[in-house]
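# Structure at a glance
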Protein chains: 2
Amino acid sequence: MGFVAVYLSEPLLGGFVTGSSLTIITSQMKYLLGLKIPRHEGVGSFILTWVDLFRHIRNTNICDLLTSLVALAIIVPVKELNERYKERLKAPFPIELLVVIAATLISHYFDFERRYKAAVCGDIPTGFRKPTVPDFSLFPSLALDALPIAVIGFAMTVSLAEIFGKKHGYAVSANQEMIAIGMCNLIPSFFYCFASSAALTKTLLKESTGSQTQVSGLVTSLVLLLVLLWISPLFYSLQTSILGVVTIVNLRGGLRRFRDTPRMWQLSKLDTAVWWATMLCSTLVTTEIGLLVGVCFALLCIIFRTQRPRATLLGRVRDREVYEDQAAYKQLSSISNIKIFRFECSLYYANKDYFKAVLYQKTGLNPVLLAASLGNRARPEPGSSRGCCGCPRQGRSRAESPPGDACAPSPDMHTLILDCGAMQFIDTVGLSALKETHHDYEEVGVQVLLANCNPSIRQRLREGGWAGRAGGAGGQLAFHSIHDAVQFAESRRRGDSRDKRAAPPEPEEQQDFQVSL
Amino acid sequence: MGFVAVYLSEPLLGGFVTGSSLTIITSQMKYLLGLKIPRHEGVGSFILTWVDLFRHIRNTNICDLLTSLVALAIIVPVKELNERYKERLKAPFPIELLVVIAATLISHYFDFERRYKAAVCGDIPTGFRKPTVPDFSLFPSLALDALPIAVIGFAMTVSLAEIFGKKHGYAVSANQEMIAIGMCNLIPSFFYCFASSAALTKTLLKESTGSQTQVSGLVTSLVLLLVLLWISPLFYSLQTSILGVVTIVNLRGGLRRFRDTPRMWQLSKLDTAVWWATMLCSTLVTTEIGLLVGVCFALLCIIFRTQRPRATLLGRVRDREVYEDQAAYKQLSSISNIKIFRFECSLYYANKDYFKAVLYQKTGLNPVLLAASLGNRARPEPGSSRGCCGCPRQGRSRAESPPGDACAPSPDMHTLILDCGAMQFIDTVGLSALKETHHDYEEVGVQVLLANCNPSIRQRLREGGWAGRAGGAGGQLAFHSIHDAVQFAESRRRGDSRDKRAAPPEPEEQQDFQVSL
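Read on for an overview of the structure. (Residues numbered from 1 in each chain as written. Chains lettered and ligands numbered in written order. Predicted model: local features only at pLDDT ≥ 70, side-chain atom pairs only at ≥ 80, totals over all residues. Heavy atoms only, no water.)

## A short note on the packing of helix α4 (residues 95-109) of chain A against helix α10 (residues 240-250) of chain A
All names here are of chain A. As a reminder of what qualifies: All axes are obtained by fitting lines to C-alpha atoms, using only the stretch in contact for helices, and the reported angles, taken between N-to-C directions, cover 0 to 180 degrees. Only DSSP runs of H or I with at least four residues qualify as helices, and only runs of E with at least two residues qualify as strands; both kinds are numbered from the N terminus onward. To sort the angles, those under 35 degrees are grouped as roughly parallel, those over 145 as roughly antiparallel, those from 65 to 115 as roughly perpendicular, and the leftovers as oblique. With the far helix as reference, a near helix turned anticlockwise by less than a right angle produces a left-handed crossing, and one turned clockwise produces a right-handed crossing. Residues count as neighbours in contact if any of their non-hydrogen atoms are within 4.5 Å of one another. Charged residues are taken to be Asp, Glu, Lys and Arg, nonpolar residues to be Ala, Val, Leu, Ile, Met, Phe, Trp, Tyr, Cys and Pro, and polar residues to be all remaining types, Gly included.
As a packed pair, α4 and α10 sit with axes 10 Å apart at the nearest point and diverge in direction by 165 degrees. As summarised for this structure, α4 and α10 are arranged roughly antiparallel, according to the angle between their axes. In this structure, the crossing between α4 and α10 has a hand that is right-handed. Contacts from Glu96, Val99, Val100 and Ala103 of α4 reach α10 at Ile242, Val246 and Asn250. For the contact of α4 with α10, the class distribution of residues is five nonpolar, one polar and one charged.

Here's what the structure looks like:
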């Protein structure tokens, strides 16, 4: 299952984190204002909560509001300083802890709770509860929320592990991490615990203070135990607004990413679109749907990129065997009567129409229209398998057909070379498209050659019957390089310009390293 | 909106048609047996209907069953003959019409309805109903069913139009067809009509009988009008089982595709998987969900193909500038100390980990582990920007760093050439992966060169700061061909084997056609 993390790209996670931050900040705002409004959940909770906030804003508790503002004014600058000088500091200055302690003392001695009706934490239970089996009746209602927590928690853990694994030179197994984090969440579920995953800041801190083994975890746990058992009742008078401020301050990072979006847009428009889509969906709808939409949208973007790929005519680089894009480079020489077309993507069902359209447009020759205008008008028998000039596609030998000159009206090319170097795969639909192209151009007297096919495409061509088609230039497999194809086309033209359908001389260069095919 | 049809691949439509055929055949079975069972709809209706059929099978009406069997025995063979000799027949023999007429007469004169309690059509209303505005209250419950009908109908119409457009040599505009079919369904909705779309058989028939203009539609309509107004009451005694048989017989085509799946599997496993997934979902769940699942699954298959693409080391073809896959061809010569790695797919977030893994595996060198085992053990300062041997990545000149021999422990290569010829695009994550690769290999003394990048990747490299990185071999853009990169690497090794971090001599061949960049 470790493969799930693969689909969580950086822009997606970034948008999700920002969206979640906005959602959490929204849910904390009522504590900052000391308002008592119901908690909204599900679709649209973001907007509903803000509507409620503004509707009840008259009831703001001035004491809570002032406390929040003061706390914000203290914590934010100190945390910014912490970040700026983090390289010089062994550990960041624990400003939140100080503020919490100070606020508790002030609230206690000035009795904010009774005097100003400030919301305080109240009684905090200490000690442990008896371990019990989790309440199964809650599972259906929690499952949907648990899924993104698990996926995100896992993805964060693995990426953290990889960062440190890289630093210290060891390999990380995603599946092992998954089992570990699964156990970390499974066993504590009997003890009323939070879902756990790796935390960047804490890991960095431990690494920088020299922790090497799991013993450091034992020390941390003992300190926490102390707090749980004896210290927490001391926080009775702590205002909930202070807790809200601490939460919000620590989520600033998510908001700061808004600043990065213009730069991101310059680098990649699609990545930015993914970021915004994920962010908006996880804010305005729900976080789970936001994550799902983000994953789907990011995958769709990959598909979009392949739907209208670059497609260009190539020209030859002077005195070399290299062929390059005529649109991007000057000083390339075209080859008379030969067009070389490069489609920079795998050919499959969703771009086959585009392939044909752009091929016809770039070569300036639509063989279907040409064949129809030449041949079919004269012989409109429906359903016949005759092509232009009535030459049958198969079954009859060339000798019986009408004289060749009527059959070769083709404008300024006799050969079309398709450079398949950038095609990773072709599916069955793509193969049909190639075959149709081959057939359509043959109808108007243009031979179609393939070049640069990779082994898997060659195999597909062989199995799909490209090689098995009735004789002619299509009968052979593809050429290894464009140059081979060009040489073959030129030599054939030169050698026998009239009897051009003779069995093609297999180019020598191709044979000598085609041994294992 | 014409773009929707692009996502409906052939295997997808095939699976959908078979799934729908199964669903419809299931819904007709009760008429064949003369059973009265409620109609199931929604998820699982296929299974529920079959369960009901077997539960009530004792109540089968023998008269209906016999009629069905006789009708099947007559219609199927004649239709098969029709198909076999369709080229010799002007129009197929109208066996269904004959059977319907004969069955009506028999049922009427032998009074099947009263004597055997056979289910008959009963009163069929004639004439037209008053045109009314469609009932808007039904819209919510119909919308979900209407969507796939609209999409499939449109896709069928466009593909039919393209088949005949190609035959007669005219271009088809998908958007124009969409408007046409939209009007054909919008206006009749005021007259209690069926949803309409193009039908293959009827179009073929009309084309083969020489129809050229829309006048033929007028003739067809007049005949239908005749039936509607005066003839239909004559079918009072027609058994519904006969109608069921006619429906089922015409859906045989969908079932016949099961026979094609083994051949399909040989040609393309993924296409077959799409076919089965769509078929099973549209049968067992609902047709709409089946279509949706099919579209998503087909797109996911495209993604799957790009996640673990072929990746190979290339070798040089003797005496030529061509480099080919060492795994697929024999007699290729490797170049000493240079490895050429080809990744046959765009590099993006979902395959970047695979890219690194397979690169390390093929080259037999994991630079991260090597660098860590050499350098980091000695100097474990956390967060430092130092690489192996403590050579700083930037800011200090080469002269200050420790002697080079400790820094070049690399096994059997000094240059890694990445052939990007098959990459259509790289996203920001892919770019980072390339940069990391470059950096990691540089740490262990291996220079990384790119070759064969297309113009859009070059631009991405430029914008993303590949060229801007501190000096060295990574400072330049990519080479046009693998051969250029190999020559550059060899000349640099030969020329100055010690002072290897000098500014790289820009290869001459590259310059002379890099004018417009």
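## Considerations on the relation of the copies chain B and chain A
Basically, it comes down to this: To superpose the copies, least squares is applied to the C-alpha atoms of every residue with a pLDDT of at least 70 in both.
Between chain B and chain A, which share one sequence, the superposing operator has a rotation angle of 180 degrees and an axial displacement of 0.0 Å; the RMSD is 0.1 Å. Seen this way, the second copy is the image of the first under a two-fold rotation axis. Taking the C-alpha atom as reference, chain B places Ala422 of chain B closest to the rotation axis, 1.9 Å from it. Take the interface residues of chain B: 98% of them recur as interface residues in chain A, which is what a same-surface contact looks like.

## With respect to the pattern of salt bridges
Residues and elements named next belong to chain A. The condition is simple: Note on definitions: salt bridges are taken to be side-chain nitrogens of Lys or Arg within 4 Å of carboxyl oxygens of Asp or Glu. Between buried and exposed lies partly exposed: a residue is buried under 20% and exposed over 50% of the maximum accessible area for its type, with that area taken using a 1.4 Å probe on protein chains only.
Counted according to the given criterion, the structure contains 26 salt bridges over all chains. The partner of Lys79 in a salt bridge is Glu96, and the shortest N-O contact between them spans 2.9 Å. On the criterion of sequence distance, the pair formed by Lys79 in helix α3 (residues 62-84) and Glu96 in helix α4 is long-range, its members being 17 residues apart. Residue Lys79 is classed as buried on the basis of its relative accessible area of 15%. Here Arg256 ties to Glu83 by a salt bridge, and the two come within 3.3 Å at their closest N and O atoms. Taken as a pair, Arg256 in helix α11 (residues 252-256) and Glu83 in helix α3 lie far apart in primary sequence, 173 residues in all. A relative accessible area of 26% means that Arg256 is categorised as partly exposed. Its relative accessible area of 36% is what places Glu83 among the partly exposed residues.

## Notes on the packing of aromatic side chains
Both the distance between ring centres and the angle between the ring planes are used here to describe each pair of aromatic rings. In plain terms, the rule: Only rings of Phe, Tyr and Trp enter the pairing, Trp through its six-membered ring, and a pair is recorded when the two centres are within 6.5 Å. The plane angle decides the type: under 30 degrees is stacked, over 60 is edge-to-face, the rest tilted.
Here the structure, examined in full by the defined rule, presents 24 aromatic pairs over all chains. Aromatic pair Phe341 of chain A and Phe355 of chain A: ring centres 6.0 Å apart, planes at 70 degrees, arrangement edge-to-face. Taken together, the positions of Phe341 of chain A in strand β4 (residues 338-343) and Phe355 of chain A in helix α15 (residues 352-363) put the pair 14 residues apart, joining distant regions of the chain. A residue is classified by how much of its surface remains accessible, and Phe341 of chain A, at 1% relative accessible area, is buried. The class for Phe355 of chain A is buried, based on a relative accessible area of 1%. For the pair Phe258 of chain B and Trp275 of chain B, a centre-to-centre distance of 5.4 Å together with 85 degrees between the ring planes defines the contact as edge-to-face. Placement of the pair is Phe258 of chain B in helix α11 (residues 252-267) and Trp275 of chain B in helix α12 (residues 269-284), with a sequence separation of 17 residues. By relative accessible area, which is 1% here, Trp275 of chain B ends up buried.

## Brief notes about the side chain of Asn61 of chain B
Mapped onto the elements of the fold, Asn61 of chain B is located in the loop between α2 (45-55) and α3 (62-84). With near-sequence residues (within four places) excluded, Asn61 of chain B lies in contact with Leu33, Gly34, Tyr116, Lys117 and Ala118 of chain B.

## What to know about the nonpolar core
Stated precisely, the cut-off is as follows: Residues belong to one nonpolar core when they are buried, are Ala, Val, Leu, Ile, Met, Phe, Trp, Tyr or Cys, and are joined through side-chain atoms within 4.5 Å.
Ile303, Tyr348 and Tyr349 of chain A together with Ile303, Tyr348 and Tyr349 of chain B are the most contacted members of the largest nonpolar core, which has 38 residues in total. Secondary structure elements with two or more residues in this core: α1 (10-33), α6 (139-168) and α14 (287-307) of chain A together with α1 (10-33), α6 (139-168) and α13 (287-307) of chain B. Among all residues touching Ile303 of chain A, those that are not within four sequence positions of it are Tyr348 of chain A together with Tyr7, Leu299, Ile302 and Ile303 of chain B.

## Concerning the interface of chain B and chain A
The following threshold applies: By buried area we mean the combined loss of accessible area, with a 1.4 Å probe, across both parts when two parts are placed together. N or O atoms within 3.5 Å of each other form a polar contact, as long as, within protein, one can give a hydrogen and the other can take it, and as long as residues adjacent in sequence are counted only when both atoms are side-chain atoms.
Tallying the contact residues gives 82 residues for chain B and 80 residues for chain A. In this assembly, chain B packs against chain A so that about 7000 Å² is buried in total across both faces, 55% of it on carbon and sulfur atoms. Summed over the shared surface of chain B and chain A, the result is zero salt bridges. Along the contact surface separating chain B from chain A lie eight residue pairs in polar contact (both at pLDDT 80 or more). If one sorts the elements of the side of chain B that touches chain A by residue count, α13 of chain B sits on top with nine residues.

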